[in-house]
Amino acid sequence: MHIYRYDTVTKLIATLALCIHWFNPFVWVMYMLFNRDLELACDESVIRQFGETSKSAYSLMLISMEEAKSGLLPFCNSFSKNAIEERITAVMKIKKASLFAICIAAILIVGVTAAFATSAVDSSREKYTIRDIEFSDEEFDKLLALQFDGYEDMSVSEFQSKVWELTDTKEYRNLLERFSQNTTLYYR
């Protein structure tokens, strides 16, 4: 199953990440959990492929592999009880997914995706509403006109001439003066 899923390649990528970030304890934790999840995923794939009746035979095979591995070194026990116990427990708990569970999962995925993929309508008036200052719609539109598109591609002189073109009236300068004198803009 490891060969079929190309786990050696993914383990090499995880090892490379570990080599680059050897100083980061979170990467070490990620590496250990990645290896654990890889083994559990392969165990589940084997059980799904061979059927529910192969659980006990597969668990016994895991135990015999650990016994054979510990037989090479007679004075130490490499039978890591926690990892093998976790794998055997996970193998024994594998259940066939029901159609109801699959439908509920699909509905949840679609619902959550739809909820996070959509956003509320953003009105520029609501976004730029300033409290304690009353502007008419016309004045507000004049203020928003300073947010023109394409300023990134303009030279400084083009930008300056565009701004002067928009603000070159006494009425506009008074509006900007009123706008800049309100302290609530600066203490939000």
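Just so we're clear, the structure is a prediction, and the values are computed from it rather than from any experiment.

(A) View of the overall build of the protein. A count of helices and strands for the protein gives nine helices and zero strands. Across the protein, helices and strands are ordered from the amino to the carboxyl terminus as α-α-α-α-α-α-α-α-α. For the protein, the residues scored as buried account for 19% of the 188 residues in total. Sequence-distant contacts in the protein: of pairs separated by 6 or more residues, those separated by 24 or more amount to 59%. When the accessible surface of the protein is summed, it comes to about 14,800 Å², and 65% of that surface belongs to carbon and sulfur atoms.

(B) Expanded view of a nonpolar patch on the surface. Where nonpolar side chains cluster on the molecular surface, the patch consists of Tyr6, Val9 and Ile13 and spans about 340 Å² of accessible area. Here Val9 lies in helix H1 (residues 7-20). With a relative accessible area of 44%, Val9 lands in the partly exposed category.

(C) Representation of the nonpolar core. Counting residues in each nonpolar core, the largest one holds eight residues, listed as Val46, Ile47, Tyr58, Leu62, Ile84, Ile88, Val91 and Ile94. Listed by contribution, the elements that provide at least two residues to this core are helix H2 (25-50), helix H3 (55-70) and helix H4 (81-93). Examining the composition of this core, we find that three residues originate from one element, H4, more than from any other. For Val91, the residues in contact, after removing those within four places along its chain, are Asp43, Ile47, Lys55, Tyr58 and Ser59.

(D) Focus on the packing of aromatic side chains. All told, the structure shown has one aromatic pair when counted by the stated rule. The interplanar angle of 85° and the centroid separation of 5.8 Å between the aromatic rings of Trp22 and Phe23 together place this pair among those described as edge-to-face. Here Trp22 matches Phe23 in class, with each residue exposed.

(E) Just the pattern of salt bridges, in detail. Taken as a whole, this structure holds six salt bridges when the rule is applied. For Asp7, the salt bridge identified is with Arg5, shortest N-O distance 3.7 Å. Residues joined by salt bridges that share partners form a network here, namely Arg36, Asp37 and Glu86.

(F) Broad picture of unusual backbone geometry. With phi around 55°, Tyr6 is a residue other than glycine that occupies positive phi space. Assignment of secondary structure puts Tyr6 in the segment before H1. Tyr6 sits in the exposed class, given a relative accessible area of 59%.

(G) Structural context of H2. Look at H2: 38 Å from first C-alpha to last across 26 residues, which is about the 38 Å you get at 1.5 Å a residue. If you check the start of H2, you find a side-chain oxygen 3.0 Å away from the backbone N of Phe26, and it comes from Asn24. Of the residues trailing H2, Gly51 is marked for its positive phi of about 100°.

(H) View of the packing of H1 against H2. Following both chains from N to C, one finds H1 and H2 inclined at 170°, their axes separated by 9 Å at the closest point. Judged by the inter-axis angle, H1 sits roughly antiparallel to H2. Contacts between H1 and H2 involve Asp7, Thr10, Lys11, Ala14, Thr15, Ala17 and Leu18 on the former and, on the latter, Val27, Trp28, Tyr31, Phe34, Asn35, Leu38, Glu39 and Cys42. Its residues assigned to classes, the contact of H1 with H2 comprises nine nonpolar, three polar and three charged.

(I) Spotlight on the confidence of the model for the protein. Per-residue confidence for the protein gives a mean pLDDT of 78; residues scoring 70 or more make up 81%. Looking across the protein, the model is least confident in helix H6 (residues 124-127), with a mean pLDDT of 50, and most confident in H1, with 93.

Thresholds, definitions, all that
- Residues numbered from 1 in each chain as written.
- Predicted model: local features only at pLDDT ≥ 70, side-chain atom pairs only at ≥ 80, totals over all residues.
- Heavy atoms only, no water.
- Helix = DSSP H or I, 4+ residues; strand = E, 2+ residues; numbered from the N terminus.
- Buried < 20%, exposed > 50% of the residue type's maximum accessible area, 1.4 Å probe, protein only.
- Contact = heavy atoms within 4.5 Å.
- Areas by Shrake-Rupley, 256 points an atom, 1.4 Å probe, with all protein chains shown as cover.
- Patch = residues over 30% accessible without salt bridge, like charges linked within 9 Å, V, L, I, M, F, W, Y side chains within 5 Å.
- Salt bridge = Lys/Arg side-chain N within 4 Å of Asp/Glu carboxyl O.
- Core = buried A, V, L, I, M, F, W, Y, C linked by side-chain atoms within 4.5 Å.
- Phe/Tyr/Trp six-rings, centres within 6.5 Å; stacked < 30°, edge-to-face > 60°.
- Expected span 1.5 Å × (residues − 1).
- Polar contact = N/O pair within 3.5 Å; in protein donor to acceptor, adjacent residues only side chain to side chain.
- Axes fitted to C-alpha atoms, helices over the stretch in contact; angles between N-to-C directions.
- Parallel < 35°, antiparallel > 145°, perpendicular 65-115°, else oblique.
- Nonpolar A, V, L, I, M, F, W, Y, C, P; charged D, E, K, R; others polar.
- pLDDT = per-residue confidence, 0-100.

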